[in-house]
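Structure assessment
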Amino acid sequence: MSSGPRRPFPPASVAPPPARTSSDGHEDTSGRCPLAPLLLVSLLASFGTGLFWHGLGFIAETVHGFSPARNLALFAAMGGAYVLGAFSAGPLIRRLERRASPRSVLLGSLLLQALACTPVAMDDGQWTLWTAALVVTVASSITWPVVESYLAAGRHGAEMRRAIAAFNFTWMPAVAAPMFIVGPFMDRLGADSIAMMAPIG
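Reading guide: rules and limits
- Residues numbered from 1 in each chain as written.
- Predicted model: local features only at pLDDT ≥ 70, side-chain atom pairs only at ≥ 80, totals over all residues.
- Heavy atoms only, no water.
- Helix = DSSP H or I, 4+ residues; strand = E, 2+ residues; numbered from the N terminus.
- Buried < 20%, exposed > 50% of the residue type's maximum accessible area, 1.4 Å probe, protein only.
- Areas by Shrake-Rupley, 256 points an atom, 1.4 Å probe, with all protein chains shown as cover.
- Salt bridge = Lys/Arg side-chain N within 4 Å of Asp/Glu carboxyl O.
- Axes fitted to C-alpha atoms, helices over the stretch in contact; angles between N-to-C directions.
- Contact = heavy atoms within 4.5 Å.
- Nonpolar A, V, L, I, M, F, W, Y, C, P; charged D, E, K, R; others polar.
- Core = buried A, V, L, I, M, F, W, Y, C linked by side-chain atoms within 4.5 Å.
- Patch = residues over 30% accessible without salt bridge, like charges linked within 9 Å, V, L, I, M, F, W, Y side chains within 5 Å.
- Phe/Tyr/Trp six-rings, centres within 6.5 Å; stacked < 30°, edge-to-face > 60°.
- Lys NZ or Arg CZ within 6 Å of the ring centre and 35° of its normal.
- pLDDT = per-residue confidence, 0-100.
- Expected span 1.5 Å × (residues − 1).
- Parallel < 35°, antiparallel > 145°, perpendicular 65-115°, else oblique.
- Left-handed = near helix turned anticlockwise from the far one by under 90°.

**Some remarks on the overall build of the chain**
- Each helix and strand counted, the chain has 7 helices and 2 strands in total.
- Put simply, the chain runs from its N terminus to its C terminus through helices and strands in the order β-β-α-α-α-α-α-α-α.
- Within the span of the chain, comprising 201 residues, buried residues form 37% of the whole.
- Here the chain displays about 11600 Å² of accessible surface, and carbon together with sulfur accounts for 67% of that area.

Encoded structure:
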């Protein structure tokens, strides 16, 4: 029998390590990740993600002849894949941590997204589009729990609030910026240029 009511949502995907104190009672922040490189990773990953999400529909329509209904199906599949990936990210990352560090998991998820985008610009087959859409979406759902765990680890109170604010002011404009550059890049370099730019994230 259950010992209590079930939680409606799974626990945090990657729990930050508990705060440690030194021998004199002060907080030990030795496990804290420097904020600047973390924000740089967030900036590039968010820009690449925004570029991919904004540009994918145009590639599907102009290169592969997708109708609005097929584009809707593509993005619905991506949304479903992200939800499934987010809910399974915690157990998956805990399994991977037995063989690799969180930093390796983060690097692997970013490299996987870059590799998945590249065939879209090199092959006109629709399989590249669907594969990239699903692989990038699932890998992205694994990337952000790791980033957020690094953001929280070793930070508390006002310092954590400042770090979260800096993180939010970094990723939000980076996701929105591609909305203004997708059109000009497609006009000058073609729709496939978006797929070549997305791997920088």
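Having seen the structure, we can now continue with the description.
**A few points about the pattern of salt bridges**
- By the definition in use, this model includes 1 salt bridge.
- Note that Arg-32 and Glu-159 form a salt bridge whose closest N and O atoms lie 2.3 Å from each other. One end of the pair, Arg-32, is in the loop between strand S2 (27–28) and helix H1 (35–62); the other, Glu-159, is in helix H5 (residues 157–176), and 127 residues separate them in sequence.
- When its relative accessible area of 33% is taken as the criterion, Arg-32 is described as partly exposed.
- Classification of Glu-159 as partly exposed rests on a relative accessible area of 25%.

**What about the packing of helix H4 (residues 126–152) against H5?**
- It is the contact of H4 with H5, at a shortest axis distance of 10 Å, that shows an interaxial angle of 145°. Touching Trp-144, Val-147, Glu-148, Leu-151 and Ala-152 of H4 are Met-160, Ala-163, Ile-164 and Phe-167, all from H5.
- Looking at the contact of H4 with H5 residue by residue, the classes come out as 8 nonpolar, no polar and 1 charged.

**Focus: the side chain of Thr-137**
- The topology assignment puts Thr-137 in helix H4.
- By relative accessible area, which is 1% here, Thr-137 ends up buried.
- Sequence-distant contacts of Thr-137, defined by excluding residues within four places in its chain, comprise Trp-53, Met-78, Ala-81, Tyr-82 and Ala-132.

**Concerning the nonpolar core**
- If you look at the biggest cluster of nonpolar residues, it comprises 17 residues, and the most contacted ones within it are Val-146, Val-147 and Phe-167.
- Secondary-structure elements contributing two or more residues to this core are H1, helix H2 (68–96), helix H3 (102–117), H4 and H5.
- With 6 residues, the single largest contributor to this core is H4.
- Setting aside its immediate chain neighbours within four residues, Val-147 contacts Leu-38, Ser-42, Leu-106 and Phe-167.
- Within the second largest apolar cluster, 14 residues are counted, among which are Leu-56, Ala-60, Leu-129 and Ala-133.

**Considerations on a nonpolar patch on the surface**
- Nonpolar side chains collect at one region of the surface, where Leu-40, Leu-43 and Leu-44 lie side by side and expose about 250 Å² of accessible area between them.
- Within the secondary structure layout, Leu-44 lies in helix H1.

**Re the packing of aromatic side chains**
- Overall, the coordinates contain 3 aromatic pairs when judged by the stated rule.
- Between Arg-70 and the ring centre of Phe-66, over which it is positioned, the NZ or CZ distance is 4.2 Å.

**Thoughts on the side chain of Thr-128**
- Tracing the backbone through its elements, the reader meets Thr-128 in helix H4.
- In contact with Thr-128, not counting residues within four places along its chain, are Pro-119, Val-120 and Asp-123.

**A look at the confidence of the model for the chain**
- For the chain, per-residue confidence averages 79 on the pLDDT scale, and 78% of positions sit at 70 or higher.
- The model gives residues 1–13 a pLDDT under 50, and that stretch makes 8 contacts with residues more than four places away or in other chains.
- Below pLDDT 50 for its whole length, residues 15–28 participates in 16 contacts with residues either more than four positions away or in separate chains.

**Comments concerning H4**
- With 27 residues, H4 extends 40 Å from end C-alpha to end C-alpha; this agrees with the ideal 39 Å at 1.5 Å per step.
- One or two positions beyond H4, positive phi appears at Gly-154, with a value near 80°.

**Observations concerning the packing of H3 against H4**
- Between H3 and H4, whose axes approach to 9 Å, the crossing angle comes to 155°. Relative to H4, the element H3 lies roughly antiparallel. H4 is crossed by H3, and the crossing has left-handed handedness. On the side of H3, the interface is formed by Pro-102, Arg-103, Val-105, Leu-106, Ser-109, Leu-110, Leu-112, Gln-113, Ala-116 and Cys-117, while H4 contributes Ala-132, Val-135, Val-136, Ala-139, Ser-140, Ile-142, Thr-143, Val-146, Val-147 and Tyr-150.
- Residue composition of the contact of H3 with H4, by class: 15 nonpolar, 4 polar and 1 charged.

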